[in-house]
Amino acid sequence: MSARRLIVNADDFGLTPGVSAGILLAHRRGIVTSTTVLVTGTLDRELLRAALDSALGLGLHVNLTHGTPLTGPSSLTDAAGRFVRDPRQAAARARPRDVEAEVAAQVERFVRLTGRTPTHLDSHHHVALWDPVAEVVLAVARRLGVPVRAETALARARARSRGVRTPDRFVGGSGPEPFWTPPRLRVELRRLPPGVTEFMTHPGHLDAALAASRYARQRETELVALGTPEARGAALALGVQLSHFGQLL
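Just so we're clear, the structure is a prediction, and the values are computed from it rather than from any experiment. (Residues numbered from 1 in each chain as written. Predicted model: local features only at pLDDT ≥ 70, side-chain atom pairs only at ≥ 80, totals over all residues. Heavy atoms only, no water.)

K.L.:
Describe the packing of helix H1 (residues 17-29) against helix H8 (residues 217-226), and please don't skip the residues or the numbers.
P.N.:
In the contact formed by H1 and H8, the axes pass within 9 Å of each other and the chain directions differ by 15°. Compared by their axis directions, H1 and H8 come out roughly parallel. Crossing angle aside, the handedness with which H1 passes H8 is left-handed. Contacts between H1 and H8 involve Val19, Gly22, Leu25 and Ala26 from the first element and Arg219, Leu223 and Leu226 from the second. The class makeup of the residues in the contact of H1 with H8 is five nonpolar, one polar and one charged. (Axes fitted to C-alpha atoms, helices over the stretch in contact; angles between N-to-C directions. Helix = DSSP H or I, 4+ residues; strand = E, 2+ residues; numbered from the N terminus. Parallel < 35°, antiparallel > 145°, perpendicular 65-115°, else oblique. Left-handed = near helix turned anticlockwise from the far one by under 90°. Contact = heavy atoms within 4.5 Å. Nonpolar A, V, L, I, M, F, W, Y, C, P; charged D, E, K, R; others polar.)

Next up, the structure:
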């Protein structure tokens, strides 16, 4: 039987200092192996340095739905110059050249901030599930030689048809209730199939900057589920190999 490998990716590093600090804690104490960085806002340099000094895989969280772009007003923004929050609407109104320019700017800023290529690409609010964003992100991933997240079988097949690597399975969500709780984590670890699975997660500390988010206090619950030695022990006891996207062959 082939190995059961698990990437536990914490989205939204850089969203707020509390989120970033929670991700680092979940990595140090628990099973978070990877995170994706939002580079469109103001990153706490000390927390970013801590991430760079850790064993976390650092990917780029392509953002076209939160805050303001690096490239200025375009088809990606509303009348106030801000990104459109709804990902389907954002993708539907986006011109490919504007997506290309913004994703390129975010990749460039990631490299400038970290001194390295991202381990992988995924997207805030899953905006990369829809064209033209999907095609742009796949083209960039292929150029960089890095994997992408694939939330669905269709997305997985599409990426692989373009020569872009993805995990074999995806588990995750965010809604009114916390997705990752200790009981759910135990269930999903036990049912992990052979191959590479990604758990998409959102651990973090609730801080004042996060108060307006739809997924705020839920992050504290995810931190409890994922960020403990017990979580790490459960994975290792089941023979699960923890890894990150940079180790995806």
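Having seen the structure, we can now continue with the description.
K.L.:
I'd like a rundown of the pairing of strand S6 (residues 195-201), residues and numbers included.
P.N.:
Burial analysis of S6 places seven of its seven residues in the buried class, the great majority of the element. By the bridge criterion, seven bridges tie strand S1 (residues 4-13) to S6 in an arrangement that is parallel. Within the sheet, the bridge partner assigned to Arg4 lies in S6 and is Gly195. Where strand S5 (residues 169-171) meets S6, three bridges bridge the pair, whose relative direction is parallel. (Buried < 20%, exposed > 50% of the residue type's maximum accessible area, 1.4 Å probe, protein only. Pairing = 2+ DSSP bridges.)

K.L.:
Hey, could you go over the nonpolar core for me, with residue numbers and the actual values?
P.N.:
In terms of nonpolar packing, the biggest core is built from 62 residues, with Phe13 and Phe199 touching the most fellow members. The residues contacting Phe199, other than those within four sequence positions of it, are Leu6, Ile7, Val8, Asn9, Val171, Trp180, Leu185, Glu188, Leu189 and Leu192. (Core = buried A, V, L, I, M, F, W, Y, C linked by side-chain atoms within 4.5 Å.)

K.L.:
Tell me about the packing of H1 against helix H2 (residues 45-52), residues and numbers included.
P.N.:
Interaxial distance between H1 and H2 falls to 10 Å at its minimum, and their mutual angle equals 20°. By the angle between their directions, the pair H1 and H2 is classed as roughly parallel. For the element pair H1 and H2, the recorded crossing hand is left-handed. Residue-level inspection shows Pro17, Ser20, Ala21 and Leu24 of H1 in contact with H2, the latter providing Leu47, Ala50 and Ala51. For the contact of H1 with H2, the class distribution of residues is six nonpolar, one polar and no charged.

K.L.:
Mind laying out the pairing of strand S3 (residues 57-62), listing which residues take part and the relevant values?
P.N.:
The side chains of a regular strand alternate between both faces of the sheet. In terms of residue burial, S3 counts as a mostly covered element, since six of its six residues are buried. For strand S2 (residues 34-37) and S3, the ladder comprises four bridges, and the chain directions are parallel. Across the sheet, the residue bridging to Thr36 is Gly59, located in S3. Sheet topology places S3 next to strand S4 (residues 121-123); three bridges connect them, and they run parallel. Pairing of Leu60 across the sheet is with Leu121, part of S4.

K.L.:
Help me get a handle on the side chain of Thr40, residues and values and all.
P.N.:
Topologically, Thr40 is positioned in the loop between S2 and H2. For Thr40, a relative accessible area of 15% corresponds to the buried category. Of note is the side chain of Thr40, whose polar atom sits 2.8 Å from the side chain of Asn63. Thr40 has contacts with Asn63, His66, Thr68, Leu70, Glu102, Gln106 and Arg109, leaving out every residue within four places of it along the chain. (Polar contact = N/O pair within 3.5 Å; in protein donor to acceptor, adjacent residues only side chain to side chain.)

K.L.:
Could you give an account of the pattern of salt bridges, with specific residues and numbers?
P.N.:
In a structure, side chains of opposite charge can pair up when their charged atoms sit close to one another. A full pass over the atoms with the stated rule returns 12 salt bridges. Taking the shortest distance from any N to any O, the salt bridge between Arg95 and Asp98 comes out at 3.3 Å. For Glu198, the salt bridge identified is with Arg149, shortest N-O distance 2.6 Å. Residue Glu198 is found in strand S6, and its partner Arg149 is found in the loop between helix H5 (133-144) and helix H6 (153-161); the two are separated by 49 residues along the sequence. (Salt bridge = Lys/Arg side-chain N within 4 Å of Asp/Glu carboxyl O.)

K.L.:
Lay out H5 with the relevant residues and their values.
P.N.:
Taking 1.5 Å of rise per residue, the 12 residues of H5 would be expected to cover 16 Å, and the 16 Å separating its terminal C-alpha atoms lies within 8% of that figure. For H5, the set of buried residues is Val133, Ala134, Val136, Val137, Leu138, Val140 and Ala141. Elements in contact with the buried residues of H5: S3, helix H3 (87-93), helix H4 (96-114), S4 and H6. Of the residues one or two after H5, Gly145 is the one with positive phi, at around 75°. (Expected span 1.5 Å × (residues − 1).)

None of this, on its own, says anything about what the molecule does.
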